[in-house]
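# Descriptive structure summary
The residues making up each chain are set out below.
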Amino acid sequence: MGFASITKIKTGIMTINHIKLATLLIATLLSGNISAQKEYSTRSKKAIEFFKQAQSFFVKNEFEQAVEQLNNAIAKDREFKEAYYLKAEVYHAQKSYEQEFATIEKAVALDSTFFVSAYFNAGIALYHTGQYDQAIEWFNHFKHYSKGKRTRLNPDAWIERTYFARETVKKPVIFSPVNVGGGINSQYNEYWPSLTADEEQMVFTVLVPRDTSLFLAQKNLPYTSNYFNEDFYISTREEGIWQPREPMMAINTDTNEGAQSLSADGRWMFFTACGRGDSKGGCDIYFSQKTATGWSQPVNLDSPVNTPYWESQPCFSADGLTLYFVSNRTGGIGKKDIWKASVVDQQSDGTPIFGDVENLGNTINTEEDEASPFIHPDNSSLYFSSEGWPGMGRMDIYLSKRNKETGRWQPPVNIGYPINTPADEIGLVINTAGTRAYFSSDGLADKSQRKEIYSFELPQELRPKPVSYVKGRVYDRKTNLPLTARIDLTRLVDSEPEVTTQSAEWSGQYLVCLPPGNDYALNVRKKGYMFHSENFALKDSNTITDPYIIDVYLSPLVAGEKVVLRNVFYATNSAILESESMVELEMLIEVLTENPSLHLEIGGHTDNIGAESYNLKLSRDRAQSVYDFLVFKGIDAKRLTYKGYGMTEPVESNDTETGRARNRRTEVKILDENSPKQ
């Protein structure tokens, strides 16, 4: 399956993703012979001539012309069995399953034993149209007629699959899709949405006609690379409305680009392109990043992500550490599997460097095709499409949760009818809150079969863990100019990094997702500046709060500048440092090590609860605890001093708990002796 999975494009990007008919007959039809017989079932030379012309049209994907010639052949001989079966295959290639079944039914009526596998094919066609009881009957007919014969077909598996679909239809999930509007959808096909974490930008793929005037004049142009190509468009959401889309000119080419994935902050994009001069195989994954002047020229991710095989449909995790994608490379479980690669470094131009590639295993992958992985920002909910798991039709969407203790994926769950249908469902994405999903469909609005993008409220049982985020800009405190700075989100419980990213050089913008279930330290740092820290206490929370909007002002290393150590913690009414303080203190050591002329005062501060003398002593003892730790870790004591201020220098009112919490703080101040290292 190509990444668009909409029609058949010769480049291999867009292909019909259907379960192939088990028609050994069709192969012989195309070679001009019938199994074990050297003559056609007709003696009409004119019918045979029409039939051969139809074969030629069929192999070129010119389906309408093929059907026309087959109708001519049948008009010459109403009992020309091979013509019926080839016509059924053409309808299957067009996803015209009702017509496919009707044609097979006529052929079987002519001769019930001419091609026994036709019963199996008829069952599949009925399955795709949602006629599940009739499908089971035809699968059972096949079992009856093929009894005692050698066959590679497995009707029992299909009967089981059909039973699953029939029962699933009886228990529909809540599903009320809403068209996202004219800012995104048009008279063309739109599909494969991707979102930023704040749900303010969407990049999507559009099937664009190469000749607009020809498209308007001839509405039924075949979806081939002769007439169409895939391009990227972007739309911004303002006050809940998606604004008019714009093409991404720096990335779009005359060939096909699609199946893209945005990073959480919208500054990195991974996408699929096929047949480019620098490609390693048929289709490869490329990378582009947002710059001050627009999107950079795409670069091939190269090995180990790309190989001489087929790589497509990337999804980049919100923590910036893992790329999920689809490949048919060797070493997999099925035809096309879902794989992952971890970011281990960056090149000087920002291009990520990936380490070893790993298959997600047989909990996710089957012997059939898997597609369109989407890892939610909670980093534990994986949505993907598959042919191999029990479903409603060809490609259904499934949800697998990662076990927090073992790190293993749990058996996937079909997300249900009518989200899944007998048609292909791929390319589902979900907002950080876990409440709203986006997808494309080709029949919700009308019978044009034009794909458009919709959103819907995700049923509670299918939701991922809700995730919040913090975003803002980084500035120089003295000049108010934007800065590019390193941003680390670290789990306080084990000092393990959750996210590492950078603010944009031209704007200072940043965005970091905040999954619930942990307490986090957010540290913003740049050489020549004191770092800035924030604390997010989400350990006991399974619900999101409103997003945090925090502009960060970094202080240059000049005398008098102060920084609050927001992630230095003490035992209650004590000066004993808590283990969660290590992340912040190690960062302070790093700044002191990088700047050997730096001299600091460590100041302790309290709220106004309790006696003044008690608070003064407690604040001094806490400041000394930090001082002692730094000296113990090798920082020269001559570069440090400490002081307790008690409750004499509040930064907020002590009338509220929030204010008192901010007044209880440890602060460092740069002293006059400094001559900061450049």
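Computed from a predicted structure; not experimentally measured.

## What to know about the overall build of the chain
Along its length, the chain carries 12 helices and 34 strands. Taking the principal axes of its C-alpha atoms as reference, the chain extends roughly 110 × 45 × 45 Å. Considering the chain as a whole, with its 678 residues, one finds that 55% of them fall into the buried category. On the chain, roughly 30,100 Å² of surface is accessible, and the fraction owed to carbon and sulfur atoms is 48%. Taking the 72 positively charged and 87 negatively charged side chains of the chain as two groups, their mean positions are separated by 4 Å.

## Things to note about the pairing of strand S7 (residues 257-262)
The element S7 is extensively covered by neighbouring structure, given that six of its six residues are classed as buried. Both S7 and strand S8 (residues 268-274) contribute to a ladder of four bridges, which runs antiparallel. What sits directly across from Glu 257, in S8, is Ala 273. Where S7 folds back on S8, the antiparallel hairpin that results is connected by five residues, among which Gly 266 adopts a positive phi of roughly 75 degrees.

## A closer look at the packing of helix H6 (residues 117-128) against helix H7 (residues 132-145)
Put simply, H6 and H7 touch, their axes get as near as 8 Å, and they point 165 degrees apart. Considering the angle they form, H6 stands roughly antiparallel to H7. The interaxial crossing formed by H6 with H7 has left-handed handedness. Seen from H6, the contacting residues are Ser 117, Tyr 119, Phe 120, Ala 122, Gly 123, Ile 124, Leu 126 and Tyr 127; seen from H7, they are Tyr 132, Gln 134, Ala 135, Trp 138, Phe 139, His 141, Phe 142 and Tyr 145. Considering only residue class, the contact of H6 with H7 consists of 12 nonpolar, four polar and no charged.

## Here's the deal with the sheet that holds strand S19 (residues 413-414)
Read from one edge of the open sheet, four strands run S16-S17-S18-S19, paired in antiparallel fashion. The outermost strands of the open sheet, each flanked by one partner alone, are strand S16 (370-375) and S19. In the sheet, strand S18 (residues 396-401) pairs with S19 via two bridges, with the strands oriented antiparallel. Residue Tyr 398 lies in a different strand from S19, and its bridge partner there is Asn 414.

## Regarding the state of the cysteines
For the structure shown, the criterion picks out one disulfide. Between Cys 274 and Cys 283 runs a disulfide, and the two sulfur atoms are separated by 1.8 Å. Residues Cys 274 and Cys 283 are joined by a disulfide whose S-S torsion is about 95 degrees; by sign, that bridge is right-handed. We classify Cys 274 as buried; its relative accessible area is 5%. Among the residues examined, Cys 283 registers a relative accessible area of 2% and is labelled buried. Counting only cysteine sulfurs, Cys 513 is the nearest neighbor of Cys 315, a cysteine outside any disulfide, at a range of 12 Å.

## Looking at the side chain of Glu 370
Looking at the element boundaries, Glu 370 is found in strand S16. Buried charge without a partner: Glu 370 forms no salt bridge, and the closest opposite charge is Arg 161, 8.8 Å away. One polar contact links Glu 370 to Ser 386, side chain to side chain, over a distance of 2.5 Å.

## Some details on H6
Note: α-helices contain 3.6 residues per turn, so residues at a spacing of three or four share the same orientation. Helix length check: H6 (12 residues) gives 17 Å between terminal C-alpha atoms against 16 Å at 1.5 Å per residue, within 8%. Along H6, the residues that are buried comprise Ser 117, Ala 118, Tyr 119, Phe 120, Asn 121, Ala 122, Gly 123, Ile 124, Ala 125, Leu 126, Tyr 127 and His 128. Looking at the buried side of H6, the elements it contacts are helix H4 (81-93), helix H5 (97-110), H7 and helix H8 (155-169).

## Thoughts on the pairing of strand S28 (residues 532-537)
With six bridges joining them, strand S27 (residues 519-525) and S28 adopt antiparallel strand pairing. Counted as the bridge partner of Tyr 520 is Phe 536 from S28. With antiparallel pairing between neighbouring strands as the criterion, S27 and S28 make up a hairpin whose turn holds six residues, including Gly 528 at a positive phi of roughly 90 degrees.

## Details of the sheet that holds strand S13 (residues 322-327)
With antiparallel pairing, the four strands of this open sheet are ordered in space as S12-S13-S14-S15. The open sheet has two edge strands, strand S12 (311-316) and strand S15 (352-359), and neither has a second partner. Sheet twist, expressed as the mean angle between neighbouring strand axes with direction ignored, is 30 degrees. As judged from the four bridges shared by S12 and S13, these two strands associate in the antiparallel manner. From the neighbouring strand, Cys 315 faces S13, where its bridge partner is Tyr 324.

## Concerning unusual backbone geometry
Between Ser 303 and Pro 304 the backbone carries a cis peptide bond, its omega angle lying at 10 degrees. Relative to the elements of secondary structure, Pro 304 occurs in the loop between strand S11 (299-300) and S12. Backbone geometry places Ser 372, a non-glycine residue, at a positive phi of 40 degrees. One can find Ser 372 in strand S16. Positive phi is not limited to glycine here, since Ser 495 has a value of about 60 degrees. Its location among the elements puts Ser 495 in the loop between strand S24 (486-491) and strand S25 (497-502). The partly exposed category is assigned to Ser 495, whose relative accessible area is 36%.

Here is what the cut-offs are and how they apply
Residues numbered from 1 in each chain as written. Predicted model: local features only at pLDDT ≥ 70, side-chain atom pairs only at ≥ 80, totals over all residues. Heavy atoms only, no water. Helix = DSSP H or I, 4+ residues; strand = E, 2+ residues; numbered from the N terminus. Buried < 20%, exposed > 50% of the residue type's maximum accessible area, 1.4 Å probe, protein only. Areas by Shrake-Rupley, 256 points an atom, 1.4 Å probe, with all protein chains shown as cover. Lys, Arg positive; Asp, Glu negative; His and termini not counted. Charge placed at Lys NZ, Arg CZ, Asp CG, Glu CD. Pairing = 2+ DSSP bridges. Axes fitted to C-alpha atoms, helices over the stretch in contact; angles between N-to-C directions. Parallel < 35°, antiparallel > 145°, perpendicular 65-115°, else oblique. Left-handed = near helix turned anticlockwise from the far one by under 90°. Contact = heavy atoms within 4.5 Å. Nonpolar A, V, L, I, M, F, W, Y, C, P; charged D, E, K, R; others polar. Disulfide = S-S within 2.5 Å. Salt bridge = Lys/Arg side-chain N within 4 Å of Asp/Glu carboxyl O. Polar contact = N/O pair within 3.5 Å; in protein donor to acceptor, adjacent residues only side chain to side chain. Expected span 1.5 Å × (residues − 1).

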